[in-house]
Amino acid sequence: SPRLPLGGLARLRPRLTVVLKARPPMASPAPASGAEEAPAGAAAASSEAAAPQAAAAIELPSASTCTNYLKLPDYGSEELLRKHLLTAIHEGSGAFFLS
């Protein structure tokens, strides 16, 4: 049923579990033809710090409804979390995908 049981989340079985959504591996872009490659650690060090939140900023939350799992990326701010959670609720209300 798409509704909570009487008593709300406290009576939900199995209980609702919120977990950190695993980040899919990001492919490294190939250097442009004729472009010089940066030293091995130079670009990686600067982009690794921003990569998790940058990737999460465009990724929507997902859920495993059979086990009541809510999988949330690390958004870095409550405002971004709220925005993407509401988008996922509205956009996914008429769809069901196995993942």
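Residues numbered from 1 in each chain as written. Predicted model: local features only at pLDDT ≥ 70, side-chain atom pairs only at ≥ 80, totals over all residues. Heavy atoms only, no water.

1. With respect to the side chain of Asn68
With respect to the helices and strands, Asn68 occurs in the loop between strand S2 (62-64) and strand S3 (69-72). Here Asn68 falls in the buried class, since its relative accessible area comes to 14%. Apart from the residues lying within four places of it in its own chain, the contact partners of Asn68 are Leu12, Arg13, Pro14, Arg15, Leu16 and Thr17. (Helix = DSSP H or I, 4+ residues; strand = E, 2+ residues; numbered from the N terminus. Buried < 20%, exposed > 50% of the residue type's maximum accessible area, 1.4 Å probe, protein only. Contact = heavy atoms within 4.5 Å.)

2. Let's talk about the confidence of the model for the protein
In this model, the protein carries a mean pLDDT of 75, and residues with pLDDT of at least 70 account for 60%. Under a pLDDT of 50 for its full length, residues 35-48 has, in the predicted model, two contacts with residues more than four places off or in other chains. (pLDDT = per-residue confidence, 0-100.)

3. Some remarks on the pattern of salt bridges
Counted under the stated rule, the structure contains one salt bridge. Residues Lys21 and Glu59 are paired through a salt bridge, measuring 3.3 Å at the closest nitrogen-oxygen approach. Of this pair, Lys21 sits in the loop between strand S1 (17-20) and helix H1 (42-58) while Glu59 sits in the loop between H1 and S2, and the two are 38 residues apart along the sequence. (Salt bridge = Lys/Arg side-chain N within 4 Å of Asp/Glu carboxyl O.)

4. Observations regarding the side chain of Lys71
For Lys71, the position within the fold is in strand S3. One buried charged residue, Lys71, forms no salt bridge at all, with the nearest opposite charge on Glu59 at 9.2 Å. A distance of 3.2 Å separates the side chain of Lys71 from the side chain of Ser64, its partner in a polar contact. (Lys, Arg positive; Asp, Glu negative; His and termini not counted. Polar contact = N/O pair within 3.5 Å; in protein donor to acceptor, adjacent residues only side chain to side chain.)

5. A word on unusual backbone geometry
Cis geometry is adopted by the peptide bond preceding Pro14, which originates at Arg13 and carries an omega value of -10°. On the secondary structure map, Pro14 appears in the segment before S1.

6. Regarding the sheet that holds S3
Spatially, the three strands line up as an open sheet ordered S1-S3-S2, and their pairing is mixed. This sheet does not close on itself; its edge strands, each paired only once, are S1 and S2. Sheet twist, expressed as the mean angle between neighbouring strand axes with direction ignored, is 25°. Two strands pair when backbone bridges link them, and S1 and S3 are joined in this way by four bridges, in the parallel orientation. Opposite Leu20, over in S3, you have Leu72 as the bridge partner. (Pairing = 2+ DSSP bridges. Axes fitted to C-alpha atoms, helices over the stretch in contact; angles between N-to-C directions.)

7. So, the environment of Glu59
Residue Glu59 is classed as buried on the basis of its relative accessible area, which comes to 19%. Distance from Glu59 to Lys21, taken between C-alpha atoms, is 9.7 Å for residues 38 residues apart in sequence. Side-chain polar atoms of Glu59 contact the side chain of Lys21, separated by 3.3 Å.

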